[in-house]
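# Chains, contacts and geometry: an overview
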Protein chains: 2
Amino acid sequence: MKRIAVFRKVLASNDALARAQREQLDAAGVLGINIMSAPGSGKTSLVERTVTALKRDYRIQVIEADIQGDLDARRVARLGVECVQINTQGDCHIDSLMLQSVLPQLLRSSDFELRHSDFPKLLLVENVGNLVCPAEFQLPTHYNVTILSVPEGSDKPVKYPLMFLKSDILLINKVDLLPYVDFDFRQLGRALKRIKPELPILRISTKTGQGLDRWLFWLRAKLKTTRSIHRFHRFRRLESV
Amino acid sequence: MKRIAVFRKVLASNDALARAQREQLDAAGVLGINIMSAPGSGKTSLVERTVTALKRDYRIQVIEADIQGDLDARRVARLGVECVQINTQGDCHIDSLMLQSVLPQLLRSSDFELRHSDFPKLLLVENVGNLVCPAEFQLPTHYNVTILSVPEGSDKPVKYPLMFLKSDILLINKVDLLPYVDFDFRQLGRALKRIKPELPILRISTKTGQGLDRWLFWLRAKLKTTRSIHRFHRFRRLESV
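All values derive from a computational prediction rather than experimental measurement. (Residues numbered from 1 in each chain as written. Chains lettered and ligands numbered in written order. Predicted model: local features only at pLDDT ≥ 70, side-chain atom pairs only at ≥ 80, totals over all residues.)

Moving on to the overall build of chain A. Counting its secondary structure elements, chain A contains nine helices and seven strands. The C-alpha atoms of chain A give 18 Å as radius of gyration, which agrees with the globular expectation for 241 residues (18 Å, within 12%). Along the three orthogonal principal directions, the C-alpha set of chain A runs to about 60 × 50 × 35 Å. Among the 241 residues that make up chain A, the fraction classed as buried is 45%. Taking as baseline every contact in chain A between residues at least 6 positions apart, the subset at least 24 positions apart corresponds to 77%. (Helix = DSSP H or I, 4+ residues; strand = E, 2+ residues; numbered from the N terminus. Rg over C-alpha atoms; globule rule 2.2 N^0.38 Å. Buried ≥ 20, exposed ≤ 12 C-beta atoms within 10 Å, placed from the backbone. Contact = placed C-beta atoms within 7 Å.)

Here it is as structure tokens:
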């Protein structure tokens with residue numbers, strides 16, 4: 001009982017900090033995307049594909065979270081965008097307190113400093129590979145993207161419902177492996193119908209590039225909204241001067 | 001700081017309970033195996049294969065742990081062995097306190113009740129699909145089996161070192177998919193050499209059955225040791241009468 005009470009307090013202070021950070025992102029015209037999945041479902045590959053496709057049109061920054069090591073951050077940095085590694089030192093998720101150690105610096109950095117520019121900015125946050133804990137911690141990011149790769153099996157929403165409930169879009173990755181694995185889209189559909197019937201689902205392959213156009217279409221639409229929110233913030237700032 | 005102190009207390013009381021439960025298993029001649037992996041790496045398939053291969057030679061019981069649902073328990077129960085489902089209701093792992101709610105009942109049940117029989121018994125515990133948290137909680141089981149499936153990628157030990165450090169045998173599953181995925185055994189070997197060079201590694205496919213003979217050989221050897229320990233316990237009991 002005591003343990004649950006402590007956990008609730010931790011969650012409440014995390015949520016408050018996340019809301020404050022969200023306002024900083026909005027004021028800076030940044031769209032934050034939190035990418036979650038089991039280990040090895042293709043989070044870093046999705047980040048690489050997304051950065052490659054969008055880096056000419058948008059300023060992009062990436063936060064890579066891992067228990068240990070900086071393998072992924074080095075992969076992403078090769079693409080020429082600013083990338084920061086968070087090591088959770090054993091923790092199974094990232095929370096807004098961990099982001100607080102890197103977020104102000106990122107928002108001040110040269111890439112993002114043009115706060116008054118009309119140029120939408122994108123912050124990709126790759127969470128720790130885990131289908132359980134990351135779903136419990138609110139981040140300042142605007143949308144949760146969940147990846148499920150087909151070798152993991154179609155029974156995952158039944159077993160990890162919170163992750164799918166908290167998701168704003170579900171990417172079914174590694175569809176190039178469909179001929180070699182048992183993945184039942186009907187089972188998946190039945191489970192998601194109970195958990196979150198309105199969840200958009202895209203079939204993609206970060207390896208072959210299949211379906212990524214629709215993912216980028218979704219992301220560009222959200223970036224347009226970010227631009228509008230940013231304009232509204234700028235307008236409010238100008239009014240208050 | 002406070003949070004860490006609470007966590008340490010939780011771990012210490014968990015370990016004490018796990019040690020007491022381990023003694024109960026030893027006294028009853030039961031070999032406990034804790035199976036851990038990311039979601040969808042093939043834990044339940046390994047349990048099914050193992051039960052099918054060994055159920056004529058050993059008494060087997062299975063504990064299935066999931067956040068929610070009883071999909072896996074129903075799969076295993078079809079094979080005609082006693083199977084209990086634990087729902088962690090959101091928790092990302094199982095601990096010995098959760099096992100306490102089912103273990104005494106399992107050890108009393110008709111399959112296992114012949115405490116003085118010389119027949120080795122096997123308890124398979126399928127942990128929650130997660131490469132982080134389950135490694136932190138000591139269970140009464142004698143060995144930790146970690147499964148890594150090749151679609152997850154060969155970089156996992158670098159990112160989740162504790163899981164591989166705590167492991168007593170590593171099963172590389174879904175090797176039938178090797179022609180279609182990028183999996184670098186040299187990268188895996190390099191990482192494991194730093195973390196736990198003595199860790200035995202077996203390549204298996206729970207789908208095709210490849211390599212399972214070596215897994216069963218490993219398990220049968222451990223069951224022989226259980227038999228010796230059990231004989232020692234019986235001898236001690238007889239002496240004390």
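Turning our attention to the interface of chain B and chain A. In this assembly, 33 residues from chain B lie in contact with 33 residues from chain A. If you list the elements that add at least two residues to the side of chain B that touches chain A, you get α1 (2–28), α6 (156–159) and α7 (161–165) of chain B. A breakdown of the residues in the side of chain B that touches chain A according to their chemical character gives 18 nonpolar, eight polar and seven charged. (Nonpolar A, V, L, I, M, F, W, Y, C, P; charged D, E, K, R; others polar.)

Residue and element names in this part refer to chain A. Looking at helix α8 (residues 185–195), one finds that the buried residues are Leu188, Ala191 and Leu192. Buried residues of α8 fall within an arc of 95° about the axis and therefore sit on the same side. Residues of α8 that are exposed and point more than 90 degrees away from the buried face comprise Arg186, Lys193 and Arg194. Buried-residue contacts for α8 involve α6 (156–159) and α7 (161–165). (Arc of directions from axis to C-beta.)

In this section: the relation of the copies chain B and chain A. If you rotate chain B by 180° and push it 0.0 Å along the axis, it lands on chain A with an RMSD of 0.0 Å. Such a combination of rotation and displacement between the chain copies is what one expects of a two-fold axis. Most of the interface of chain B is mirrored in chain A: 100% of its interface residues are interface residues there too. (Least-squares fit on C-alpha atoms with pLDDT ≥ 70 in both.)

Residues and elements named next belong to chain A. The sheet built from seven strands is open, its strands ordered β3-β2-β4-β1-β5-β6-β7 with parallel pairing. Every other strand in the sheet has two partners, leaving β3 (82–87) and β7 (201–203) as the edge strands with one partner each. Averaged over all neighbouring strand pairs, the angle between strand axes comes to 20°, with direction disregarded. Of the strand pairs in this sheet, strand β2 (residues 59–66) and β3 are connected by six bridges, and their pairing is parallel. Each residue of the ladder has a partner; that of valine 62, found in β3, is cysteine 83. Contacts from helix α9 (residues 212–240) reach β1 (30–37), β4 (121–126), β5 (143–149), β6 (169–173) and β7 within the one sheet, and its direction differs from that of β1 by about 145°. (Pairing = 2+ DSSP bridges. Axes fitted to C-alpha atoms, helices over the stretch in contact; angles between N-to-C directions.)

With respect to the helices and strands, the residue Gln61(B) is situated in strand β2 (residues 59–66). Considering only alpha carbons, one finds Gln61(B) and Leu106(B), 45 residues apart in sequence, at a separation of 7.8 Å.

Turning our attention to the pairing of strand β6 (residues 169–173) of chain B. Residue and element names in this part refer to chain B. Most of β6 sits out of view: four of its five residues are buried. As paired strands, strand β5 (residues 143–149) and β6 are joined by five bridges and run parallel to one another. When the sheet's bridge partners are listed, threonine 146 is paired in β6 with leucine 170. The pairing of β6 with strand β7 (residues 201–203) spans three bridges and is parallel.

In this section: the sheet that holds β5(B). Residues and elements named next belong to chain B. With parallel pairing, the seven strands of this open sheet are ordered in space as β3-β2-β4-β1-β5-β6-β7. Where the open sheet ends on each side, the last strands, each with one partner, are β3 (82–87) and β7. Each strand of the sheet is rotated relative to its neighbour by a mean of 20°, with strand direction disregarded. Most of the contacts of helix α2 (residues 43–54) go to strand β4 (residues 121–126), to which it runs at about 165°, and overall it touches β1 (30–37), β2, β4, β5 and β6. This element, helix α9 (residues 212–240), spans β1, β4, β5, β6 and β7 of the sheet and lies at about 145° to β1.

Residues and elements named next belong to chain A. Relative to the helices and strands, glycine 211 resides in the loop between β7 and α9. In this structure the C-alpha to C-alpha distance between glycine 211 and arginine 231, which are 20 residues apart in sequence, comes to 31 Å. With near-sequence residues (within four places) excluded, glycine 211 lies in contact with Leu202, Arg203, Ile204 and Ser205.

With that settled, consider the pairing of β5(A). All names here are of chain A. Burial analysis of β5 places six of its seven residues in the buried class, which makes it a mostly covered element. Relative to β5, β1 runs parallel, the two sharing five bridges. By the bridge assignment for β5, asparagine 34 is matched with asparagine 144.

This brings us to α2(B). The end-to-end C-alpha distance of α2(B) is 16 Å, a good match for the 16 Å that 12 residues give at a rise of 1.5 Å each. The complete set of buried residues in α2(B) reads Lys43(B), Thr44(B), Ser45(B), Leu46(B), Val47(B), Thr50(B) and Val51(B). (Expected span 1.5 Å × (residues − 1).)

This part is about the environment of Ile195(B). All names here are of chain B. With respect to the helices, strands and loops of the structure, isoleucine 195 is situated in helix α8 (residues 185–195). Separated by 38 residues in sequence, isoleucine 195 and proline 157 place their C-alpha atoms 7.9 Å apart. Ignoring any residue separated from it by four or fewer positions in sequence, one finds isoleucine 195 in contact with Pro157, Pro161, Phe164 and Leu165.

Let's shift gears to the nonpolar core. If you look at the biggest cluster of nonpolar residues, it comprises 114 residues, and the most contacted ones within it are Ile35(A), Val62(A), Leu124(A), Ile35(B), Val62(B) and Leu124(B). Among all residues touching Val62(B), those that are not within four sequence positions of it are Val47(B), Val51(B), Val76(B), Val81(B), Cys83(B) and Leu124(B). (Core = buried A, V, L, I, M, F, W, Y, C linked by C-beta atoms within 7 Å.)

The next point concerns the confidence of the model for chain A. Regions with low pLDDT should not have their predicted coordinates read in detail. Taken over all residues, the pLDDT of chain A has a mean of 90, while the share at 70 or more is 93%. The complex prediction reports pTM at 0.88, with the ipTM value standing at 0.82. (pLDDT = per-residue confidence, 0-100.)

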